[in-house]
Every structure is written in structure tokens, then in C-alpha cells.
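Structure assessment
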Amino acid sequence: MHQKPATETTLTVLHLEDSEVDHDLVRRALDRTGETFELLRVESLEDFAEQLRLRHFDVILADYRLPGFTALDAWEVLQHQAKRPPFVLLSGAIGESAAVAAIKMGVSDYLAKDDVAKLAPTIRRVLELHAIRRAKDAADTELAFSQKRLAEFAEHLQATIEQERAAIAREIHDDI
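Keep in mind that this is a model prediction, so the values were computed, not measured. (Residues numbered from 1 in each chain as written. Predicted model: local features only at pLDDT ≥ 70, side-chain atom pairs only at ≥ 80, totals over all residues. Heavy atoms only, no water.)

**Describing the overall build of the protein chain**
Applicable threshold: What counts as a helix is a DSSP run of H or I of at least four residues, what counts as a strand is a run of E of at least two, and both are numbered from the N terminus. Throughout, radius of gyration means the C-alpha value; the globule benchmark is 2.2 Å times the number of residues raised to the power 0.38. Contacts: residue pairs with any heavy atoms within 4.5 Å of one another. Here the accessible surface of atoms and residues is derived via Shrake-Rupley with a 1.4 Å probe, and residues count as covered only by protein chains that are part of the display.
From N to C terminus, the protein chain includes five helices and eight strands. When the helices and strands of the protein chain are listed from N to C terminus, the series reads β-β-α-β-α-β-β-β-α-β-α-β-α. Here the protein chain has a C-alpha radius of gyration of 26 Å; the compact-globule value for 176 residues is 16 Å, and the former is much larger. The principal-axis extent of the C-alpha atoms belonging to the protein chain is close to 95 × 35 × 30 Å. Nonlocal contacts in the protein chain, meaning residues at least 24 apart in sequence, comprise 68% of its contacts between residues at least 6 apart. Entry remark: accessible area of the protein chain is about 11100 Å², with carbon and sulfur atoms responsible for 54%.

**Here we look at a nonpolar patch on the surface**
Let me state the cut-off plainly: Each patch is built from salt-bridge-free residues with over 30% relative accessible area, joining like charges within 9 Å and nonpolar side chains (Val, Leu, Ile, Met, Phe, Trp, Tyr) within 5 Å. Every case where a carboxyl oxygen of Asp or Glu lies within 4 Å of a side-chain nitrogen of Lys or Arg is listed as a salt bridge. Accessible area is worked out with a 1.4 Å probe on protein chains only. A residue is then buried under 20% of its type maximum, exposed over 50%, and partly exposed in between.
A cluster of nonpolar side chains, Leu150, Phe153, Leu157 and Ile161, forms an exposed patch at the surface whose accessible area comes to about 380 Å². Here Leu150 is to be found in helix α5 (residues 119–175). Owing to a relative accessible area of 57%, Leu150 belongs among the exposed residues under this scheme.

**Some thoughts on the pairing of strand β7 (residues 87–91)**
To be explicit about the condition: Paired strands, as defined in this entry, are two strands with at least two bridges between them according to DSSP.
In terms of residue burial, β7 counts as a mostly covered element, since five of its five residues are buried. Every second residue of β7 is oriented toward a common face, with Phe87, Leu89 and Ser91 on one face and Val88 and Leu90 on the other, all of them buried. Sheet analysis places strand β4 (residues 59–62) next to β7, joined by three bridges and oriented parallel. Across the sheet, Leu61 pairs through a bridge with Val88, a residue of β7.

**Some details on helix α3 (residues 71–78)**
Cut-off, in case you're wondering: For this quantity, the arc is that covered by the directions from the helix axis to the C-beta atoms.
By the burial criterion, the buried members of α3 are Ala71, Ala74, Trp75 and Leu78. Angularly, the buried residues of α3 cover 105 degrees about the axis, an arc narrow enough to put them on a single face.

**Considerations on a negative patch on the surface**
Convention followed: Counted as positive: Lys and Arg. Counted as negative: Asp and Glu, with His and the chain ends omitted from the count. Charge positions come from single atoms, namely NZ of Lys, CZ of Arg, CG of Asp or CD of Glu.
Taken together, the side chains of Glu164, Glu171, Asp174 and Asp175 present a region of like negative charge at the surface. Tracing the chain through its elements places Asp174 in helix α5.

**Thoughts on the packing of aromatic side chains**
Formally: Geometry of aromatic contacts follows a simple scheme: Phe, Tyr and Trp rings, the Trp one being its six-membered ring, pair when their centres are within 6.5 Å, and the pair is stacked under 30 degrees between planes, edge-to-face over 60, tilted otherwise.
Tallied over the full model, the rule gives one aromatic pair. Ring centres of Trp75 and Phe87 lie 5.4 Å apart, and the angle between their planes is 65 degrees; on these two criteria the pair is classed as edge-to-face. Taken together, the residues Trp75 in helix α3 and Phe87 in strand β7 connect sequence positions twelve residues apart.

**Let's talk about the pairing of β4**
Judged by which residues are buried, β4 turns out to be covered on both faces: Val59 and Leu61 on one side and Ile60 and Ala62 on the other are all buried. Relative to β4, strand β2 (residues 11–16) runs parallel, the two sharing four bridges. Paired with Val13 across the bridge in β4 is Val59.

**Examining the nonpolar core**
What counts here: We call a set of buried residues a nonpolar core when its members are Ala, Val, Leu, Ile, Met, Phe, Trp, Tyr or Cys and they connect through side-chain atoms within 4.5 Å of each other.
Counting 23 residues, the largest nonpolar core has Leu14, Leu16, Phe48, Leu52, Ile60, Phe87 and Leu89 as the members making the most contacts within it. Breaking this core down by element, the ones donating at least two residues are β2, β3 (37–42), α2 (45–54), β4, α3, β7 and α4 (96–105). In terms of residue count, α3 provides more of this core than any other element does, four residues in total. Those residues in contact with Leu16 that sit more than four places away from it in its chain are Val42, Glu43, Ser44, Phe48, Leu61, Ala62, Asp63, Leu66, Phe69 and Ala74. Counting residues in hydrophobic clusters, the runner-up holds 16 residues, among them Leu30, Leu61, Val88 and Val116.

**Here we look at the side chain of His130**
On the secondary structure map, His130 appears in helix α5. The class of His130 is buried, set by a relative accessible area of 17%.

**So, the layout of surface pockets**
Here is the rule we go by: Both cavities and pockets are sets of points on a 1 Å grid over the protein atoms alone; in a cavity a 1.4 Å probe fits but cannot get out, in a pocket the set is open with protein on both sides within 12 Å along at least five of seven lines, and lining residues sit with an atom within 4 Å of a point. Grid points are joined across faces, edges and corners, and a volume is the space filled by probe spheres set on the points. Side-chain classes are defined by residue name, with Ala, Val, Leu, Ile, Met, Phe, Trp, Tyr, Cys and Pro counting as nonpolar, Asp, Glu, Lys and Arg as charged, and the others, Gly among them, as polar.
In this structure, the largest pocket occupies an estimated 430 Å³ of space. Along the walls of the largest pocket sit 19 residues, with Arg84, Pro85, Pro86, His130 and Arg134 positioned nearest its centre. Mapped by element, the contributors of at least two residues to the lining of the largest pocket are α3 and α5. Sorting elements by how many residues they give to the lining of the largest pocket places α5 first, with six residues. Taken together, the residues of the lining of the largest pocket break down into eight nonpolar, five polar and six charged. In this model, the second largest pocket occupies a volume close to 160 Å³. In this structure, the second largest pocket is lined by Thr9, Leu11, Leu30, Thr33, Glu35, Thr36, Phe37, Ala120, Ile123, Arg124 and Leu127. With four residues, α5 is the largest single contributor of residues to the lining of the second largest pocket.

Any link to function would need more than the numbers given here.
Okay, structure coming up:
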């Protein structure tokens, strides 16, 4: 694990990777950004699930092919979490069609290990998109709640109008 001094803007990254060399390349790419981060590496699906249970991560980087499982298995584990951080495939062992299929499943992005220099901008972009999606979901929830309240109010107003009409009709009938 590589850690710079913790600050309010420390980026926590869970790195699912079986190669220490590739993990070191990711750490160096993140070091070059000058941003504060905490990078935790796990190699097994069990350790991945355990870390997700223990704490929140801002982003997950995952190699595609790992011993005994793939990043898609980790993606499935992530689906059972209440808060799901962005999930970026960082692999050299995946074709374009597999990357597209993973993104269609909901994976945030794909970056080839050969392009690790683009890692920081990729992380920034997926974090921005993730924040936008969360804001949209919150707005959609608020809109649905407002629409429900408006429907209830309209129903109450209609019931009140009907009651008033009935009362006026009774008064007119009594006067006649």
C-alpha cells in the first residue's frame, strides 16, 4: 500500500491486481499527478470483497484476468454494495469487444496498461461522471417524491371540490 499524508481530498483507490510490477506502475502514474492518494492492492476476489466490506473507496482499478477469476467477477461482487464507486478496467489482456461488453454491463471505463500515463485523467473523468450520475439519481428521486406529493394534493383538492359541491347542492335543495 502506498500512502501520502491524509488530507480532506485524499483519493482512495482499490487496485485489484496480481502483478506487483503493474501495481508499481499504477502507483508511479498516480505519484506523477501530485495529488494525494491512498492505493491499496488486493489480489484475490475474497480480499476484494473483504476490503469493500471494511471501507469505502473512491475508485476501483481492476486488471481483467486474475488467477481463477476475472474483473467481471469482481464487478458482480461490487453490485451487492450499497455505495458503488467507479470501476475502471486496467488491463493489457482484454480485447476491444470484451471492453465494450464490460462497459455495457456498467463498468465505468477501460484503459490499456500500455496507456497508464492516461490513468489520472481517466480517474478524474469517471469520478466526474459518477458524481453527475449520483446527482441525477438524487434529482430523479426528489422529482418522483414531488410528483407523488402533487398527485396527492390534486386528489385532495378534487375531493374537497366534490365535498363543497355536495354541500352547495344540499343547501340549494334545503332552500327550495
